[in-house]
Amino acid sequence: MLALAAQLATNGLISGSLYALLGVSWGLIFATTKIFHFAHALTLTVAVYAAVLAVGQWGWGLPAGFLLAAVVGCLFGVATERVVYRPLRRVNATSLNIFLASLGLLIAGESAVLIVFGPQARDLPGFPISGIALGPVAFTTVEGLWLAGSWALLLLLIAWLWWTRYGRAIRAVASNRELAQCVGIDPERMSLLVFGIGSALVGLGGMLLALRDTVSPTIGVQPVLTAFIAVFLGGIGSIPGAVLGGLVLGLAENMGGLLLPGHWQGVIAFVVLFSVLVFRPSGLLGVRTR
Amino acid sequence: MDFWLHVVNMIGLFIMLGVSLNLLLGYGGLVSMAQAAFFGVGAYAAALSARDLGLPFPLTLVVAIVVTTLLAGVVTFPALRVRGEYLILLTLAFQMVIYGLMLSWVDLTAGRTGISGIPRPRLFGKTLVTPAEFLPLIAAGALVTFAIAYRIGESPLGRVLKAMRDDETATLAIGKSVLRYKVLVFCVSGGLAGVAAGLFAHYQAFINPFSFNLDRSIFLVALVVLGGTGNLLGTVAGAILFVGLPEVLRFLQARQDIVDAIRNLVFGLLLVLFMRFRPEGLVPEHARGRRRQGVGQPAPAVSVTGILPSAGPAHDGAGPALVAQGLRKSFGGIKAADDLSLALPRGKVTALVGPNGAGKTTVFNLLTGFLAAEAGTVSLQGEDITRLAPWRTVRLGLARSFQDVRLFERMTVLDNVLVALPEQPGERLGPLFFAPRRTAEAERRNRDQALGSLAFVGLADRAGEIASSLAFGEQKLVALARLIATGADVLLLDEPASGVDLQWVRRILGLIRQLAAAGKTVCIVEHNLEVVTAVADHAYFMEAGRIIAEGRPEELMADPRLADIYFGTSRR
Amino acid sequence: MSLLAVEGLATGYAKKQIVFGVDLRVEAGEIVALMGHNGAGKTTSLKAIAGLLPLWSGGIIFDGEPIGQATSAARVRRGLSLVPQERFVFADLTVADNLELGAFSVADPTIAAAQREKVLTLLPVLAERRRQLAGTLSGGEQRMLGLGMALMRRPRLLLLDEPSLGLAPLLVERIMETIRDIARHDNLTVLLVEQNVRHALAIAQRVYIMRTGRLIVEETGAAMAARGEWWDLF
């Protein structure tokens, strides 16, 4: 029983780390721009497809594939902000309408990927999978990479946000957009920046996922839903909150297996979210109420 | 032939689903990403009750409707507290929970396999199997669903929903329980989706979770938005265009999944483009020909007393109409109200004056229940109203206006006033459907009353215009007409003259005097002491959450101590 | 030549016009007060001057250059700096971060560091609280921080929106003195929106009064003060 709990906790920590990365990738954009960027799922799909194509068909190495996913994700996210969202802001579109446009972009984009690449599932080849045993717990090399990769990226991002000029500027826009303008920060440029960074991160997160799961045109939706949950769990506007939210979510999903029958497994995440929204709408680390 | 009839049937089902969602989204302003989940739960309820319990057809439909209505009621409770992004996420989570259960609760739903062998319905001794045989049933279902939704949407009830959509706080301030209407619209929307669900299960004779996934919910939201929110005809047009037309693609002899993908591609792009260039959708809420209300009707002759409905019994007793005692409220260490007591004498205009940040608006919020006081009591006509919700205080005869007017911006001027009238039978489902004559008569009377209110403030000729298109001064007058329409005897006006030109100020002040002369008890918060002098009989002077002086406005202005507080003291 | 010259300024929010053609000018080294009752359009005018709201018509000339179409960031770089009426600190960031952000537009880190020393000497309370979140400071301290942030970027024209709002009388006095001292020592020009008439008159050389989006009075501070009471104007 104890060994099982330890194993489940490890599994929870592993998936929780990836959720944290996904959560932060979306939460950074949401906190700074207040755009409910549903099409983040499409960014993930596009980035991973580009990499799968490069690695699987053109014979690129896996590290190059990761790099490509980050670059493609970044460019795609920036393009989305420039081509779709900025024109909508210019005409004072409501946040609901911006959300709907994001939905539209997601539907259209997924369909385009399907038309071009077909519905069949693909694999991301080239990663040596084997088991690692560490005392009472065991995990695969893929999971090891999830853990290491997610935390490396998370810590890098947090360090950048806290200790650099532009990182600080982004936190400023997230905290108080008008005052940020008053001190001479251009929020439009910061929007581009967070779309670039968040989208690169979700591309990398998608690659980590693709090491384990097969890749299909709708691969992006489930992880991005998870990201929403992590962000709202932790409290919108708080990057550490999104990390915590991701971890809590991963742990809850896996530890829930101890208490709940099997068919609840897939819905635990949403049940957790439901409860948090009902009992603590501002999230675990949320500061802003309203 | 059967293929085309099938397409028509699918359009019928999507009309039902779209209409049910439009009530929620377009009228109530509540975004739901879970309409497919309700649809699915209803379908499973009908399928299981028909196959496993052996219930006959019309009963299974009733089961589907009851189940979806109840489920909607349950979901509403967490949803009541949230709006905007949170509501999107909450309904998204609900959609995923339901979909997850459909897939994994194999004992009940058979998982991915789905439920087959759903009995074909028998109606009038005939078993319905082919699309042609189903067509009359589905057409009837669509018609009834549309009629119900239309009846609700275009009634006083629909008007309250739109008010709630445009501004929840202002809806509370005209005495409508936002809570009640949210539960109501969620339940109605769920129930209407249940109609489609019951018919769908029998029509297909087979269901599995994939018809009820997130994509379907997204598709429904998109359909309603593209068709036009707040206009049910738009939803019909949307269903025909976006469910029907893509079927033409099938003749390209392409593979099914490619056909679907092309349809979704076009659909998604349209959604993006519409949000940019035509956010109101194909058929806008205020399409031409729908803006006739009140326009061209002669304004009724206006006498002040004639347009002043009274919510409760006339209170002509002695003593002040409203008394507050010992109110306290602080925000993070700043005392916004500090042992504050005041009384509003009946039929008089009282003013609350003082420098910015003295806590005047907070007092209004405490009196009307928008803020809960930490201590103290408020009584209206001798009755304790301290802990009441804002909408209840309005029903008891105490209403307030807002500094920033808070009109229902997407509604017409007339509807802005009309919606505020109390006790409208058409706001409840019972009279709306079962006492149509009483409802219609009340609506006629109310319309005259609202036009009267508008005529009183001099805006009867603008009745048909959209509220947001009016100049700010006119909006203030509409807000005043709306306040009068609540029928409250005690009116709290928050800076009625701020931000408007002098000519409007004079007009507004004149109207306030007339209201007092007609017996209303008025209290104004005002920064401008000239305004106060011109209109108020009595004034309280506030500073830092306390009342530090009271008297006639001229007396207060003559007090050098108050001038010091107002303009600041300085030692040069 | 005036440091700031505003001509026919018209602006508002979304579709709602608030300001209808305001002309005003501020000479270098002057402290000018913009007053008027609630909803008169003072804050809206300041926001338009700072570039937070678009100009609907009219022009803004700063130091001889038209800046009406420039972004707010470009205006800050030119030396025009607004301290808003509410939410004038980044509440969930530390005091130190707030000060750094105040100097965001200053590209040269050595200048920023020198300026930080100066501000911390001027407002010593901020030095004690560098590690604290700005939102946990008292109202008066937050005002000081807001002012300190603006000074970090060495502005030439400071736009202050009701710096005394919500402060106890003693603190109002202090903040006004601080503003006057800064203006004197650093040859700073100030355009001040203020409700507290006597305080404003105590430090302002000239006064504009607005009503419903238009200017109704322009006077010297002394002439204004000589009236003794102003019930008719507010």
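Student: Account for the interface of chain C and chain B, naming residues and giving values.
Tutor: Contacts between the two partners involve 22 residues from chain C, matched on the other side by 23 residues from chain B. Both faces combined, the contact of chain C with chain B buries some 2200 Å², and carbon together with sulfur accounts for 52% of it. Counting every contact that joins chain C to chain B gives 0 salt bridges. For the pair chain C and chain B, the number of links is 0 residue pairs in polar contact (both at pLDDT 80 or more). Taken together, the residues of the side of chain C that touches chain B sort by class into 8 nonpolar, 7 polar and 7 charged.

Student: Go over the packing of aromatic side chains with me, naming the residues and quoting the values.
Tutor: Between two aromatic rings, the relevant description is the distance of the centres plus the angle of the planes. Evaluation of the coordinates by the stated rule reveals 29 aromatic pairs over all chains. Judged by centre distance (5.0 Å) and plane angle (70°), the ring pair of Phe134(B) and Tyr203(B) falls under edge-to-face. Here the residue Phe134(B) occupies a position in helix H6 (residues 131-153), and Tyr203(B) occupies one in helix H9 (residues 178-204), the gap between them amounting to 69 residues. An aromatic cluster is present here, built from Trp26(A), Phe30(A), Phe36(A), Phe38(A), Phe99(A), Phe228(A), Phe232(A) and Tyr86(B) joined pairwise through their rings. One Lys or Arg, Arg180(B), reaches over the ring of Tyr181(B) and ends 4.8 Å from the middle of that ring. Cation over ring: Arg482(B) sits above Phe408(B), and NZ or CZ is 4.7 Å from the ring centre.

Student: Describe helix H7 (residues 169-186) of chain C, naming the residues involved and giving the relevant values.
Tutor: Residues and elements named next belong to chain C. In this model H7 runs 26 Å from its N-terminal to its C-terminal C-alpha over 18 residues, within 8% of the 26 Å that 1.5 Å per residue would give. Buried positions along H7 lie against strand S3 (31-36), helix H4 (109-122), helix H6 (139-152), strand S7 (157-161), strand S8 (189-193) and helix H8 (197-203). Looking one or two places after H7, you find Asn187, whose phi comes out positive at around 50°.

Student: Could you give an account of the pattern of salt bridges, naming the residues involved and the relevant values?
Tutor: All names here are of chain B. Inspection of every chain in the model, using the stated rule, returns 36 salt bridges over all chains. Arg165 serves as the salt-bridge partner of Asp166, at 2.9 Å between the closest nitrogen and oxygen. According to the relative accessible area criterion, Arg165 is buried, its value standing at 8%. Close ionic contact of Arg165 with Glu285 constitutes a salt bridge, the shortest N to O distance being 2.9 Å. Linking Arg165 in helix H7 (residues 156-166) with Glu285 in the loop between helix H12 (256-277) and strand S5 (322-331), this pair joins segments that are 120 residues apart in sequence. Each member of the pair, Arg165 as well as Glu285, carries the same accessibility label: buried.

Student: Before we move on, can you summarise the interface of chain B and chain A with the specific residues and values?
Tutor: The interface is formed by 37 residues belonging to chain B together with 41 residues belonging to chain A. Between chain B and chain A the total buried area reaches about 3600 Å² when both faces are included, carbon and sulfur atoms providing 83% of it. The largest share of the area that chain B buries against chain A comes from Glu85(B), Tyr86(B) and Leu89(B), three residues that together contribute 17% of it. The interface formed by chain B and chain A contains 0 salt bridges. Within the residue set of the side of chain B that touches chain A, elements represented by two or more residues are helix H4 (84-104), helix H10 (214-227) and H12 of chain B.

Student: For the domain arrangement of chain C, give the residues involved together with the corresponding values.
Tutor: Residue and element names in this part refer to chain C. By domain assignment, chain C separates into domain 1 (1-79 + 158-234) and domain 2 (83-154). The centre of domain 1, based on its C-alpha atoms, is set 22 Å off from the matching centre of domain 2. Of all residues in domain 1, the largest losses of buried area upon contact with domain 2 belong to Asp161, Ile175 and Ile182, amounting jointly to 26% of the total for that side. Joining domain 1 to domain 2, the criterion identifies 1 salt bridge. Between Asp186 and Lys118 there is a salt bridge, with the nearest N and O atoms lying 3.9 Å from each other. Here domain 1 and domain 2 share 6 residue pairs in polar contact (both at pLDDT 80 or more) between them. If you list the elements that add at least two residues to the side of domain 1 that touches domain 2, you get helix H2 (72-78), S7 and H7. For the side of domain 1 that touches domain 2, the element with the highest residue contribution is H7, accounting for 7 residues. Looking at the side of domain 1 that touches domain 2 residue by residue, the classes come out as 12 nonpolar, 2 polar and 5 charged.

Conventions used here
Residues numbered from 1 in each chain as written. Chains lettered and ligands numbered in written order. Predicted model: local features only at pLDDT ≥ 70, side-chain atom pairs only at ≥ 80, totals over all residues. Heavy atoms only, no water. Contact = heavy atoms within 4.5 Å. Buried area = accessible area lost by both parts, 1.4 Å probe. Salt bridge = Lys/Arg side-chain N within 4 Å of Asp/Glu carboxyl O. Polar contact = N/O pair within 3.5 Å; in protein donor to acceptor, adjacent residues only side chain to side chain. Nonpolar A, V, L, I, M, F, W, Y, C, P; charged D, E, K, R; others polar. Phe/Tyr/Trp six-rings, centres within 6.5 Å; stacked < 30°, edge-to-face > 60°. Helix = DSSP H or I, 4+ residues; strand = E, 2+ residues; numbered from the N terminus. Lys NZ or Arg CZ within 6 Å of the ring centre and 35° of its normal. Expected span 1.5 Å × (residues − 1). Buried < 20%, exposed > 50% of the residue type's maximum accessible area, 1.4 Å probe, protein only. Domains from an automatic or database assignment.

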